[in-house]
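Each chain, written out:
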Amino acid sequence: LTVREGKTFLQKAIGEKKPIYSSLPKQEQIKEEFVIEASDLWFRYSRDEKDVLKGLDIKVAKQEIFCILGSNGAGKTTALNVLSGVDRAYKGKLKIFGRDIKNYKTN
């Protein structure tokens, strides 16, 4: 998507809706539930190549909209591949819905 296409999509999806803050629990009552928790992830495609990910830290909360932006070759797709389990980081910790990524089956 281009930026313009993304903006148009979001405008159609959520329009001019404003969040209703009065119905939200107070901050101290919110127990944050993370769907993705990654700390110090390192990844490279082979031993002879440079690291593509260097110490990636990220937390994405349930129902949060999160964007990864960067120039071509910055590692966005690689990061998503590692976060989704398509590729495995050689260093660091990754939890999906509170479970270590190593506990998920890959087929």
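A brief look at the structure comes next. For clarity, every value in this text was computed on a predicted model and none was experimentally measured. (Residues numbered from 1 in each chain as written. Predicted model: local features only at pLDDT ≥ 70, side-chain atom pairs only at ≥ 80, totals over all residues. Heavy atoms only, no water.)

### Digging into the packing of aromatic side chains
Rules: Note on ring pairs: Phe, Tyr and Trp rings are taken, using the six-membered ring of Trp, and paired if centres are within 6.5 Å. Classes follow the plane angle, with under 30 degrees stacked, over 60 edge-to-face and the rest tilted. Note on exposure labels: buried denotes an accessible area under 20% of the residue type's maximum, exposed denotes more than 50%, and partly exposed covers the range between, all computed with a 1.4 Å probe on protein chains only. Whether a charge sits over a ring comes down to the Lys NZ or Arg CZ being within 6 Å of the ring centre and within 35 degrees of the ring normal.
In the structure shown here, the tally under the stated rule is one aromatic pair. Here the aromatic rings of F43 and Y45 are separated by 4.8 Å at their centres, their planes lie at 85°, and the arrangement is edge-to-face. Here F43 falls in the buried class, since its relative accessible area comes to 6%. Looking at Y45, the relative accessible area reads 47%, which means it is partly exposed. Stacked on the ring of Y90, the Lys or Arg R44 has its end atom at 4.6 Å from the ring centre. The ring centre of Y104 lies 4.1 Å from the NZ or CZ of R99, which sits over that ring.

### Some thoughts on helix α2 (residues 76–84)
The cut-off we apply is this: Put simply, DSSP H or I for four residues or longer makes a helix, DSSP E for two residues or longer makes a strand, and each gets a number counted from the N terminus. To obtain the arc, one takes the directions from the helix axis to the C-beta atoms. We call two residues contacting when some pair of their heavy atoms lies within 4.5 Å.
Three or more residues of α2 are buried, namely T78, A79, V82 and L83. The arc enclosing the buried residues of α2, seen along the axis, measures out at 130°, which places them on a common side. Looking at the buried side of α2, the elements it contacts are β1 (34–43), β2 (53–61) and β3 (91–96). Trailing α2 by a residue or two, G85 shows a phi angle of about 90°, which is positive.

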